[in-house]
Amino acid sequence: MTDRAHAAHAEEETGVWSGSWVAERLGVELTGDEALTGLLGLALRRNPKRAHLLVSNVLGKHVPQSPSVVYGHGVALGRRVRELLGAEAAERAVVLGYAETATGLGHSVADGLGPAPYLHSTRRAVAGVARAGGFEESHSHATSHLLLPQDPALLAGDGPMVLVDDEFSTGNTVLNTIRALHERYPRKRYVVVALVDMRSPADAGRLDDFAREIGARVDLVTTASGTVRLPPGVLEKGQELVARYESPAADPAAAPTTEVTTEAATEATTEPATETAGGSTGAASPGSVERVDLRWPHDVPDGGRHGFTAADRDRLESALPGMAARIAEALPARARRVLVLGFEELMYAPLRLAQALEQAVGGDVDVRYSTTTRSPVLAVDDPGYAIRTRLVFPAHDDPADGPGERYAYNVAGAGFDAVIAVVDSAADTPALHAPDGLAARLAAHVPHVLLAVVPSYVPHTSHAPQAPERPPMLPEPLRGPAFSSYAPDEVGWLLQDLSDVTLEAPTEEREEAIQSGGAHYAESLPVEYQPSEQYQELFHAALESSAARLARAVGAVTEVVLAERSPRPVLVSLARAGTPVGVLMRRWAQFRHGLDLPHYAVSIVRGRGIDANALRWLAGHHDPADVVFVDGWTGKGAITRELTTALRDFEASDGVTGFSPEIAVLADPGSCVRTYGTRDDFLIPSACLNSTVSGLISRTVLRADLVGPHDFHGAKFYRELAGADLSPAFLDAVSARFPDVTESVDAHAKDLLSADRTPTWEGWAAVERISEEYGIHDVNLVKPGVGETTRVMLRRVPWKVLARAGAGADLDHVRLLAEQRGVPVEEVANLPYTCVGLIHPQYTRGATGADGKAVTL
């Protein structure tokens, strides 16, 4: 049977394209090669990043398919890669597949290529195995990938690298992976392999541009190509459909049984087919669950998680016929339709077992293959929809990212006489056999369930040859919703997640340790301030009154950056005060110019400098000359000076040039920078709160026992504060005013671009004067400006507040905090700032009252 005939097989079974249901309701169009609709169907998924899901009919993930068809597509692609590379280059190639969907496809491509070793990324950390790298897949339901080769030298060769994924859509994931690997292990040639190339016209030219950028050849090999045309508002419409079909009226999950119910009258012919806690209409009485001993060879890895060599392949090929015979012997005599069901990343071993079983039983038994998955997809029982039924069960392999639902699609109601569930030993847990576990779910729908357990391969790394000594590959940025409450495209955090580490200490303990020299302020975190109802009311009032003013400042500073720094800048916020400002600048560039600017957040620590590993990541992914560092406001200019020194040191240590120390800020009351939206010292509402206005992210942490020489600085994600999160409300309130201020921004930006904006550093001079006048003798304890004063009140032990005489509503929240903490507010004439916060000098806990409130010296 030809590839085209294989691809069309699913469509021929019903005569209806399995994407027609979604296409009709959302206006989604699939255009391209003639075979495309045979290869792909469409479904809707519960994912805030993409409404639709391309469902492959030949991958063996969501749609049960003949194993010879699934394996044949991968091997055919591998043979095409071999023809492209030539025999000599193919001998030196290494194949990398993507978890979870393409682990089996990548392995099959490696088989077709020849003797090439194979490795796939994984979402399962393995104790004792060093991480050789990692990356993020921003559009995926589960984004974090690890690379855990037994032999680190596997990634270090100079032969071609072949990267395999099921679909090539935007290309972001694959290109980011190549970029990161190329930085550490440069090669001359890469080949990207996918079943389908679904890039938009806008993305189509990026591959050649990227190849020129890194100085390597990058080829693309696919089975078919086309484009998904999405009408405006498709994400929202898709989410509405999912919500409607999973509502209590339509979703059996709301009832104690899983009896299939009928959708609303307008959709009376279509049944939502979500399976949850029990049986479903037409299900047989519970079947049996028995084990079958495969006698898997002890020296053969269960897959490519830690690498799979040509020698491993030879040993597996020799053992497959015997294992298939044992499965065939365990099948009931009258079984005529059998499914081999793999498990998440464990795709290749079940696929090869299914293929060997298919050969062993001949034409008497229809053998199909698919696997379980993490991806949540809506199930609708309609011939024009790719996911007809769904089994739901809890994760049973103790995953690193915690418990959660897992799914098996198109199994229930498919007429299988038996299912062979293949899992690795790490997943053979009590959760697998629990009343709501996978085994019970299968038995509720299939008369016979066989469980085949493959030993989880544990690498022996002590004798593995070592890769050439090079800096470890840095991970891709953390993104929401896994880290922060910001949308994933709004900011990438070049940080490591320390959410599970206890770092908070009482304010008084921290202050004493900091001032005594016993600890640096970045080694711990203050306890997150929980605002009173009165304080929250002040925040909302301040936001309402200042939103337009903030929008003007955001627009002005962005226009200055675009005019003077780069037409397509890379915004890099100094976490965390700079992050909301960077998001707003990115939104302005989209609103006013249609630009989709990259935006990251990095850590900078006074006295320790900026995160050098974050700079290395940025230099490996962008032109340093395009990077614009962003902060919320300036006080006395300490961070400006810190950044200048740090970049000079980084240039000396790494030889990387081009980073500019000029910070772009919303407000520059200290006259410390050239690029700003205003030099007024006014209330920026994001300064009023801590994490709850900054994406629920803590201040950054730098501590030697937590942050190694090759790690990003750390921070915490306070997921537990989601109910109090005002981050989206702040951003939306300001960006909603963009249309109102466009004309005034244009005028203000024009004035700024023609003005003399040379920094005078008058803020620094004022701070030095105040430090001496008040007998403090330490400029680090003088925090000028509304934003810095607020930070003193929320994080440190304040001594007093100096307020400009006649200062109005901009200080309402400061006055309230001062009242709550017993801090005097002293009005001062001719103060260059609206206010200045003074940290308690020579602080010890004996210098305060028993309640921790400040006293006058």
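Residues numbered from 1 in each chain as written. Predicted model: local features only at pLDDT ≥ 70, side-chain atom pairs only at ≥ 80, totals over all residues. Heavy atoms only, no water.

This part takes up the pairing of strand E3 (residues 52–56). Across the five residues of E3, five count as buried, placing the element largely inside the fold. With burial as the criterion, each face of E3 is covered, one bearing His-52, Leu-54 and Ser-56 and the other bearing Leu-53 and Val-55. (Buried < 20%, exposed > 50% of the residue type's maximum accessible area, 1.4 Å probe, protein only. Helix = DSSP H or I, 4+ residues; strand = E, 2+ residues; numbered from the N terminus.)

With parallel pairing, five strands are arranged side by side in an open sheet as E12-E19-E18-E13-E14. The open sheet has two edge strands with one neighbour each: strand E12 (288–291) and strand E14 (366–372). Strand-to-strand twist across the sheet, computed as the mean angle between neighbouring axes with direction ignored, equals 25 degrees. Relative to strand E19 (residues 448–454), E12 is paired through four bridges, and the arrangement is parallel. Of the residues in E19, the one forming a bridge with Arg-291 is Leu-451. (Pairing = 2+ DSSP bridges. Axes fitted to C-alpha atoms, helices over the stretch in contact; angles between N-to-C directions.)

The angle between the axes and the distance between the axes are what describe a pair of packed helices. Closest axis-to-axis distance for the helix H18 (residues 612–621)/helix H19 (residues 638–654) pair is 11 Å, and the angle between their directions is 65 degrees. Classified by the interaxial angle, the pair formed by H18 and H19 is roughly perpendicular. Like other packed secondary-structure pairs, H18 and H19 cross with a definite hand, here right-handed. Of H19, the residues touching H18 (which contributes Ala-612, Leu-615 and Arg-616) are Leu-647, Phe-650 and Asp-654. (Parallel < 35°, antiparallel > 145°, perpendicular 65-115°, else oblique. Left-handed = near helix turned anticlockwise from the far one by under 90°. Contact = heavy atoms within 4.5 Å.)

Further remarks concern the environment of His-622. Along the chain, His-622 falls in the loop between H18 and strand E27 (627–633). In this structure the C-alpha to C-alpha distance between His-622 and Val-570, which are 52 residues apart in sequence, comes to 7.7 Å. When neighbours within four sequence positions are excluded, His-622 is seen to be in contact with Val-570, Pro-598, Tyr-600 and Trp-617.

Pairing in this open sheet of four strands is mixed, and the strands run E31-E34-E32-E33 from one edge to the other. Each of the sheet's edge strands pairs with one partner strand only, and the pair in question is strand E31 (782–784) and strand E33 (825–828). Along the sheet, successive strands turn relative to each other by an average axial angle of 20 degrees, direction set aside. As judged from the five bridges shared by strand E32 (residues 798–804) and strand E34 (residues 835–839), these two strands associate in the antiparallel manner. Counted as the bridge partner of Leu-802 is Val-836 from E34. Where helix H22 (residues 762–773) meets the sheet, its contacts fall on E31, E32 and E34, and the angle it forms with E31 comes to roughly 140 degrees.

Under the counting rule described, the total for this entry stands at 13 aromatic pairs. On the basis of an interplanar angle of 80 degrees and a centroid distance of 5.1 Å, the ring pair of Trp-21 and Tyr-385 is categorised as edge-to-face. Placement of the pair is Trp-21 in helix H2 (residues 20–26) and Tyr-385 in the loop between strand E15 (380–381) and strand E16 (390–394), with a sequence separation of 364 residues. Under the relative-accessibility criterion, Trp-21 is labelled buried at 2%. Its relative accessible area of 2% is what places Tyr-385 among the buried residues. Each member of the aromatic cluster is reached from another via a ring pair, and the members are Phe-483, Tyr-486, Trp-493 and Phe-717. One Lys or Arg, Arg-352, reaches over the ring of Tyr-71 and ends 4.4 Å from the middle of that ring. Over the ring of Trp-799 we find Lys-800; its NZ or CZ atom is 4.5 Å from the centre of that ring. (Phe/Tyr/Trp six-rings, centres within 6.5 Å; stacked < 30°, edge-to-face > 60°. Lys NZ or Arg CZ within 6 Å of the ring centre and 35° of its normal.)

The next thing to look at is the nonpolar core. Membership of the largest hydrophobic core comes to 114 residues, with the highest contact counts inside it found for Val-162, Tyr-385 and Ile-420. In terms of residue count, the dominant contributor to this core is helix H12 (residues 348–361) (eight residues). Counting residues in each nonpolar core, the second largest holds 58 residues, with Val-605, Val-707, Leu-731 and Phe-738 among its members. (Core = buried A, V, L, I, M, F, W, Y, C linked by side-chain atoms within 4.5 Å.)

Turning our attention to the pattern of salt bridges. Oppositely charged side chains are able to pair whenever their charged atoms sit close together. Applying the stated criterion to the full structure yields 41 salt bridges. Between Arg-305 and Glu-345 there is a salt bridge, and its shortest N-O distance comes to 2.9 Å. Taken as a pair, Arg-305 in the loop between E12 and helix H11 (310–330) and Glu-345 in the loop between strand E13 (337–343) and H12 lie far apart in primary sequence, 40 residues in all. Residues Glu-564 and Arg-757 are paired through a salt bridge, measuring 2.4 Å at the closest nitrogen-oxygen approach. (Salt bridge = Lys/Arg side-chain N within 4 Å of Asp/Glu carboxyl O.)

Glancing now at the pairing of E16. Extensive coverage of E16 is indicated by the burial of four of its five residues. Pairing geometry for E16 and strand E17 (residues 405–409), over five bridges, is antiparallel. Residue pairing for E17: Pro-394 is matched across the bridge by Glu-405.

A few words on the packing of helix H7 (residues 172–184) against helix H9 (residues 206–214). One way to put it is that H7 packs onto H9 with a least axis distance of 12 Å and a crossing angle of 5 degrees. Classified by the angle between their axes, H7 and H9 sit roughly parallel to one another. Together, Asn-172, Leu-175, Ile-178, Arg-179 and His-182 of H7 and Arg-206, Leu-207, Phe-210, Glu-213 and Ile-214 of H9 make up the contact between the two elements. Each residue belonging to the contact of H7 with H9 can be placed in one class, and the counts come to five nonpolar, two polar and three charged. (Nonpolar A, V, L, I, M, F, W, Y, C, P; charged D, E, K, R; others polar.)

Our next topic: unusual backbone geometry. Backbone geometry follows two general trends: most residues other than glycine have a negative phi, and most peptide bonds adopt the trans configuration. Following Gly-480, the chain continues into Pro-481 via a peptide bond in cis, with omega recorded as 0 degrees. Here Pro-481 lies in the loop between E19 and strand E20 (492–493). With an omega dihedral of 5 degrees, the bond running from Ala-575 to Arg-576 counts as a cis peptide bond. Although it is not a glycine, Glu-344 adopts a positive phi angle of roughly 45 degrees. For Glu-344, the position within the fold is in the loop between E13 and H12. The backbone of Leu-696 shows a phi angle near 65 degrees, a positive value even though the residue is not glycine. Position of Leu-696 relative to the elements: it lies in the loop between strand E29 (675–678) and strand E30 (714–715).

Here we take up the side chain of Asp-382. Looking at the secondary structure, you find Asp-382 in the loop between E15 and E16. Side-chain polar atoms of Asp-382 contact the backbone nitrogen of Gly-384, separated by 2.8 Å. (Polar contact = N/O pair within 3.5 Å; in protein donor to acceptor, adjacent residues only side chain to side chain.)

This prediction gives the protein chain a mean pLDDT of 82; 83% of its residues lie at or above 70. Model confidence for the protein chain, summarised as mean pLDDT per element, is weakest for helix H1 (residues 3–14) at 43 and strongest for E14 at 98. Counting interchain partners and residues more than four positions distant, the pLDDT-below-50 stretch residues 507–519 has 36 contacts. Predicted confidence for residues 844–857 stays below pLDDT 50, and this span has 26 contacts to residues more than four positions away or in other chains. (pLDDT = per-residue confidence, 0-100.)

Helix length check: helix H4 (residues 67–85) (19 residues) gives 27 Å between terminal C-alpha atoms against 27 Å at 1.5 Å per residue, within 8%. Along H4, the residues classified as buried are Pro-67, Val-69, Val-70, Tyr-71, His-73, Gly-74, Val-75, Leu-77, Gly-78, Val-81 and Leu-85. Backbone geometry just after H4 places Gly-86 at a positive phi near 90 degrees. (Expected span 1.5 Å × (residues − 1).)

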